[in-house]
Amino acid sequence: MPSLEMIQENLLKSIFGGKGTLDFIKANGSITAKQRLGVHQDTIFENFVTALEITYPGVWRLIGSDCARGVALAYGHEFANLTDRANISGFGKSFPDFLEKFPSIKQLDYLPDYAKIEWLRSRSYEAINQKAISTEKFNESMSSDPEAVIFEFNRSVFFLRSSWALAKIQCLLDEPDSEKIDISHKECFVLICRVHGR
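Residues numbered from 1 in each chain as written. Predicted model: local features only at pLDDT ≥ 70, side-chain atom pairs only at ≥ 80, totals over all residues. Heavy atoms only, no water.

## Quick look at the overall build of the protein chain
- Scanning the protein chain for helices and strands turns up 8 helices and 2 strands.
- When its helices and strands are written in sequence order, the protein chain yields α-α-α-α-α-α-α-β-α-β.
- For the protein chain, the C-alpha radius of gyration of 23 Å lies well beyond 16 Å, the compact-globule estimate for 198 residues.
- For the protein chain, the C-alpha atoms occupy an extent of roughly 75 × 45 × 25 Å along the three principal directions.
- Counting across all 198 residues of the protein chain, residues that qualify as buried make up 33%.
- If you take every contact in the protein chain between residues at least 6 apart in sequence, the share linking residues at least 24 apart comes to 61%. (Helix = DSSP H or I, 4+ residues; strand = E, 2+ residues; numbered from the N terminus. Rg over C-alpha atoms; globule rule 2.2 N^0.38 Å. Buried < 20%, exposed > 50% of the residue type's maximum accessible area, 1.4 Å probe, protein only. Contact = heavy atoms within 4.5 Å.)

Laid out in structure tokens, this is it:
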């Protein structure tokens, strides 16, 4: 009888590439071992697609649901993208880089940078709550020795530099009836943070 570790390894190989041995999965009537594995495989990849859609809703809207689903499935089938087995929300970390290289959409040069904003929004949303410095404490720190004061942003604050007018893309998503926009190269700097804990 195979060990639990061997079963897990074979299951992993079978799901990501179909190279595992399925001896540990028994047929059930007319349902083969491969078909039984397929149920689990489909569930896993559907969860991957859903996780990406939750993290990257703007990408879904910009390229359309069918296209985004295809890209997400391709991303999910690459085992290297499963960076944190314990936390599904970390699954999409490399998705912006993947978009940059994906053949059918790589001409959408702005898309990876927009996806980076969405990734940082999700990180900001999931960051732990930290107490902000009070006005009194701030004034007190600045009055004694202002040059020695070191301020640290809380963990929900991120910065992004882009060569694209990402605010225009966001406006287009926020107001779909707006006129055409010019998505030309224009350096922009983005601050991503939670406001009032949200």
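The structure having been displayed, the exposition proceeds.
## Considering the environment of Thr32
- Its place among the elements puts Thr32 in the loop between α1 (4-15) and α2 (33-55).
- C-alpha of Thr32 to C-alpha of Asn129: the two residues are 97 residues apart in sequence and 49 Å apart in space.

## What to know about the pattern of salt bridges
- Taken as a whole and assessed by the stated rule, the structure comprises 4 salt bridges.
- Measuring nitrogen to oxygen at the nearest pair gives 3.7 Å for the salt bridge that ties Glu126 to Arg123. Of this pair, Glu126 and Arg123 are both found in helix α6 (residues 111-126), 3 residues apart, which corresponds to roughly one turn of the helix.
- Of the residues examined, Glu126 reaches a relative accessible area of 43% and is grouped as partly exposed.
- Here Glu187 makes a salt bridge to Arg161, at a shortest N to O gap of 2.5 Å. One end of the pair, Glu187, is in strand β2 (residues 185-192); the other, Arg161, is in strand β1 (residues 158-164), and 26 residues separate them in sequence.
- Overall, the relative accessible area of 59% leaves Arg161 in the exposed class. (Salt bridge = Lys/Arg side-chain N within 4 Å of Asp/Glu carboxyl O.)

## Re α2
- Helix length check: α2 (23 residues) gives 34 Å between terminal C-alpha atoms against 33 Å at 1.5 Å per residue, within 8%.
- All of the buried residues in α2 are Ala33, Leu37, Gly38, Phe45, Phe48, Val49, Ala51, Leu52 and Thr55.
- Turning to α2, the residues buried within the fold contact α1, α3 (57-63), α4 (65-76), α5 (95-101) and α6. (Expected span 1.5 Å × (residues − 1).)

## Some words on the packing of α2 against α4
- Close contact between α2 and α4 brings their axes to 9 Å; oriented N to C, the two are set at 120 degrees. Taken together, the axes of α2 and α4 are oblique relative to one another. Pair α2 / α4 crosses with right-handed handedness. Residue-level contacts link Phe45, Glu46, Phe48, Val49 and Leu52 of α2 to Arg69, Ala72, Leu73, Tyr75 and Gly76 of α4.
- Of the residues belonging to the contact of α2 with α4, the class tally is 7 nonpolar, 1 polar and 2 charged. (Axes fitted to C-alpha atoms, helices over the stretch in contact; angles between N-to-C directions. Parallel < 35°, antiparallel > 145°, perpendicular 65-115°, else oblique. Left-handed = near helix turned anticlockwise from the far one by under 90°. Nonpolar A, V, L, I, M, F, W, Y, C, P; charged D, E, K, R; others polar.)

## Topic: the environment of Lys137
- Its place among the elements puts Lys137 in helix α7 (residues 135-144).
- The class of Lys137 is partly exposed, set by a relative accessible area of 46%.
- Separated by 134 residues in the primary sequence, Lys137 and Ser3 place their C-alpha atoms 59 Å from one another.

Taken by themselves, the reported measurements are silent on function.
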